[in-house]
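# Notes for the structure review
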Amino acid sequence: MQTKMFFSTSIQYLFISDSVCLRPSFSLRAPHPDPDPGFSKQKGNMLHNISIPSSSSSLFLKQTQRCSNPVLACVASQDSFSRKEDSHIHGLSEMIVGVLGGGQLGRMLCQVASQMNCPASSLAYDHMVGSFDDSATVQEFAKRCGVLTVEIEHVDVATLEKLEGLGVDCQPKASTLRIIQDKYIQKVHFAKQGIPLPDFMQIDDLEAAKKAAELFGYPVMVKSKRLAYDGRGNSVANSEEELSSAISSLGGFNRGLYVEKWAPFVKELAVIVARGRDSSISCYPVVETIHKQNICHIVKAPADVPWKIRKLATDVAQKAVSSLEGAGVFAVELFLTRDNQILLNEVAPRPHNSGHHTIESCYTSQYEQHLRAVVGLPLGDPSMKTSAALMYNLLGEDELVFMLSGEAGFQLAHKLITRALNLQGLVSIEMRKQRKMGHITIVGSSMAIVLTRLNSMLKEEASESEPTITPRVGIIMGSDSDLPVMKDAAKVLDMFGVPYEVRIVSAHRTPETMFSYALSAQIEAFRLSLLVQVVQLICQASMVASLTPLPVIGVPVRGSSLDGMDSLMSIVQMPRGVPVATVAINNATNAGLLAVRMLGAGDADLLARMSQYQEDTRDEVLRKAEKLQADGWGSYLNP
């Protein structure tokens, strides 16, 4: 399992480049007031400048102050880039990427920007105080930028439209932000594009709301058109009696409301989509998002849904983003319904909670991808470099915020950090009531392993005991009489450190158990990676292999008649479409070795161990040959 640590409370990053790119060192400190007592009283904070070249292998960055600024900029030292979309990159000059908004997303944009520096580039630090929705501030800020982007969509679109008219390069375009800012307009736009959505209707008074609810049926979602995020701006009405209170809780009709039909979803999915300046599209793997009080709480990557659902979700997301203008990263939130339909929920024109895992799990993080897109570099590889990843958002609760403000808070924070460090996890902490305090990202070779690690961290005894090891291989047999054969497969897996389980599962005596085991082996959060099975009759092999998409290795056993040939032939004559690999009769050792090789295709450590095993067996043969030649066959046989 791989993990990474990140702390947002007063960290000093120091990147030193010598032809290689180093990870940031970090230090933990207690929360403290801003250095300038008057600074926090102003609306706005600092603006940062960070070098970004078009191509490099290393970086320089030194950050010594906490930033939560609403106006943020990254200075880009890169190949010259004209504001014309069809221009080519050439020569060396300096470009500034300005980011409107200065929260956690802007911070991580700056972090990845620093990682794109060339060895000779120097870091220029700069900042300005202001608000990203103040027209004068944004216009002044834009004068210093080669390209202007956002980390939050709630900016002054009219100002951006004015700036675009003056030749300022805004990515994504102001027209896109205007569509996205108003969720009702957003729904109308996507409906016109033929994108599947839950039914929706604008409401201007209580009578219109009642008519919409009668048409859609209860429960219904009442939503604010603007400034709705992180669970804000949404209210559920389960009956006509609750309709008025739902409307009041959102600020009334003057706020601008609409009603949306309740989507009977079984899972919420999301796709991060990158769009380049040349309109090229690159999609990250589909993820599942699990919400707590309407705030993203857990993200599982990839989503545990059938391939056709992943394809459908990706197609919907790509179509939605293709209908918008401008470059950057877009997060597309989706519903998966009971009848396997995909409905678009909403789109965010920026990096997103559902893409935090990409920092550790993908070849190109969503933040690097966003910067590549807005400055016109080729889009990076969005595929996952690990089999599974999970992002766990830490959400501030009343009692947690209170505790973290005193001595008890230090103990609680250190306890949580200790658990995360025991998992080599990632933690970001910023204390805000019912807002994200930080997140933990865990990556591993299977979702089961990732979930086990997370659960062990959340338990009180996590730091005191080893977490339960999740098996990667299932060894199944019809009777304990097969155990003397199958023990050799278990010995091989022990030798390579591969966790496994051994079960007696008979197709004849316990068919229900066989059926449920074969299904659960894959369905329960990718619990296993493959199955090694004793095969005596074709019905047993075909049942398991037809029920699970996992690879199955059959071990034919020597029986009382036909010397195991019947078992061997039953495997190699499996029906088309139901593959089962096989080894020689009673050769469970090879079954274990084959299992290790199959797992090694996606596990560099196992692959290295297998290479070492082959070297050791070769050396053993050479040693025996030398001894035979030196001692003679007589002494060799009678040492």
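The structure displayed is predicted, hence computed values, not measured ones. (Residues numbered from 1 in each chain as written. Predicted model: local features only at pLDDT ≥ 70, side-chain atom pairs only at ≥ 80, totals over all residues. Heavy atoms only, no water.)

Turning to the overall build of the protein, a few remarks are in order. Scanning the protein from N- to C-terminus turns up 19 helices and 23 strands. The buried share of the protein, taken over its 639 residues, is 51%. Sequence separation of at least 24 residues holds for 67% of the intrachain contacts in the protein that already meet a minimum separation of 6. For the protein, the computed accessible surface area is about 28,900 Å², with 53% contributed by carbon and sulfur atoms. (Helix = DSSP H or I, 4+ residues; strand = E, 2+ residues; numbered from the N terminus. Buried < 20%, exposed > 50% of the residue type's maximum accessible area, 1.4 Å probe, protein only. Contact = heavy atoms within 4.5 Å. Areas by Shrake-Rupley, 256 points an atom, 1.4 Å probe, with all protein chains shown as cover.)

A few words on a nonpolar patch on the surface. The grouping of L562, M565, M569 and V572 at the surface amounts to a nonpolar patch, some 380 Å² of accessible area in total. Its place among the elements puts V572 in helix α17 (residues 565-572). Overall, V572 belongs to the partly exposed group, its relative accessible area being 49%. (Patch = residues over 30% accessible without salt bridge, like charges linked within 9 Å, V, L, I, M, F, W, Y side chains within 5 Å. Salt bridge = Lys/Arg side-chain N within 4 Å of Asp/Glu carboxyl O.)

Next up on the list: the pattern of salt bridges. Per the stated rule, a full pass over the model turns up 19 salt bridges. Its salt-bridge partner being R558, residue D563 comes within 3.6 Å of it at the nearest N-O pair. Judged by its relative accessible area of 48%, R558 falls in the partly exposed class. Two residues, R609 and D605, come together in a salt bridge whose shortest N-O distance is 3.1 Å. With R609 and D605 both in helix α19 (residues 604-637), this residue pair falls four residues apart, about one helical turn. By sharing partners, the salt bridges in this structure join K187, K223 and E260 into a single network.

This part is about the pairing of strand β14 (residues 295-301). Among the seven residues of β14, six are classified as buried, and the element is accordingly described as predominantly covered. Sheet topology places strand β13 (residues 287-292) next to β14; five bridges connect them, and they run antiparallel. Bridge pairing in β14 links E288 to K300. As consecutive antiparallel partners, β13 and β14 are separated by two residues, and within that stretch Q293 has a phi angle of approximately 55°, a positive value. (Pairing = 2+ DSSP bridges.)

Where helix α18 (residues 588-600) meets α19, the closest approach of the two axes is 8 Å, and the angle between their N-to-C directions is 135°. In terms of orientation, α18 lies oblique with respect to α19. Relative to α19, α18 is oriented so that their crossing is left-handed. In contact with L593, V596, R597, L599 and G600 of α18, α19 contributes L606, L607, M610, Y613 and Q614. (Axes fitted to C-alpha atoms, helices over the stretch in contact; angles between N-to-C directions. Parallel < 35°, antiparallel > 145°, perpendicular 65-115°, else oblique. Left-handed = near helix turned anticlockwise from the far one by under 90°.)

Moving on to α17. Residues spaced three or four apart along an α-helix point in a common direction, a consequence of the helix completing one turn every 3.6 residues. For α17, every residue scored as buried is listed here: S567, S570 and I571. Angular distribution of buried residues about the axis of α17 spans 95°; they occupy a single face of the element. (Arc of directions from axis to C-beta.)

Right, let's talk about the packing of aromatic side chains for a bit. Applying the stated rule across the entire model yields five aromatic pairs. Measuring from ring centre to ring centre gives 5.0 Å for F265 and F335, while their planes differ by 15°; the resulting arrangement is stacked. One end of the pair, F265, is in strand β11 (residues 265-275); the other, F335, is in strand β15 (residues 328-337), with 70 residues separating them in the sequence. According to the relative accessible area criterion, F265 is partly exposed, its value standing at 31%. Chaining the aromatic ring pairs together yields one cluster made of Y184, F200 and Y258. (Phe/Tyr/Trp six-rings, centres within 6.5 Å; stacked < 30°, edge-to-face > 60°.)

This part covers α18. For α18, with 13 residues, the first-to-last C-alpha span of 18 Å sits near the 18 Å given by 1.5 Å per residue. Among the residues of α18, A588, A591, G592, L593, A595, V596, L599 and G600 are the ones counted as buried. (Expected span 1.5 Å × (residues − 1).)

The subject of this paragraph is the sheet that holds strand β8 (residues 220-224). If you walk across this open sheet you meet the four strands as β7-β10-β8-β9, and the pairing is antiparallel. Edge positions in the sheet fall to β7 (200-203) and β9 (234-237), since each of these pairs with one other strand and no more. Adjacent strand axes in the sheet meet at a mean angle of 25° when their direction is disregarded. As defined by bridge partners, β8 adjoins strand β10 (residues 257-261) across five bridges and the pair is classed as antiparallel. Note on β10: the bridge partner recorded for V222 is V259. Where helix α5 (residues 183-192) meets the sheet, it contacts β7, β8 and β10, and its direction lies at approximately 140° from that of β7.

Moving on: the nonpolar core. By size, the foremost hydrophobic cluster in this structure holds 26 residues, and its most contacted members are L269, L334 and L344. Within the residue set of this core, elements represented by two or more residues are α4 (174-181), β11, α8 (307-322), β15 and β16 (342-348). The next biggest cluster of nonpolar side chains, apart from the first, holds 23 residues, and it includes V492, F496, I553 and L606. (Core = buried A, V, L, I, M, F, W, Y, C linked by side-chain atoms within 4.5 Å.)

Okay, unusual backbone geometry next. Backbone torsion omega between Y218 and P219 reads -5°, so that peptide bond is classified as cis. Topologically, P219 is positioned in the loop between α6 (206-216) and β8. Omega for the peptide link from A301 to P302 comes to -5°, which places this bond in the cis form. For N340, which is not a glycine, the phi torsion comes out positive at approximately 60°. Looking at the element boundaries, N340 is found in the loop between β15 and β16. Positive phi is not limited to glycine here, since N586 has a value of about 65°. Position of N586 relative to the elements: it lies in the loop between β23 (581-582) and α18.

By secondary structure assignment, the location of T314 is in helix α8. Given a relative accessible area of 18%, T314 falls into the buried group. Looking at T314, its side chain comes within polar contact range of the main-chain oxygen of R310, at 2.8 Å. (Polar contact = N/O pair within 3.5 Å; in protein donor to acceptor, adjacent residues only side chain to side chain.)

So, about a negative patch on the surface. The grouping of D204, D205, E207 and E214 at the surface amounts to a negative patch. Here D205 shows up in the loop between β7 and α6. (Lys, Arg positive; Asp, Glu negative; His and termini not counted. Charge placed at Lys NZ, Arg CZ, Asp CG, Glu CD.)

On to the environment of R107. Inspection of the secondary structure assignment puts R107 in helix α1 (residues 104-114). When its relative accessible area of 7% is taken as the criterion, R107 is described as buried. When the C-alpha atoms of R107 and E151 are compared, they prove to be 9.5 Å apart, with 44 residues separating the residues in sequence.

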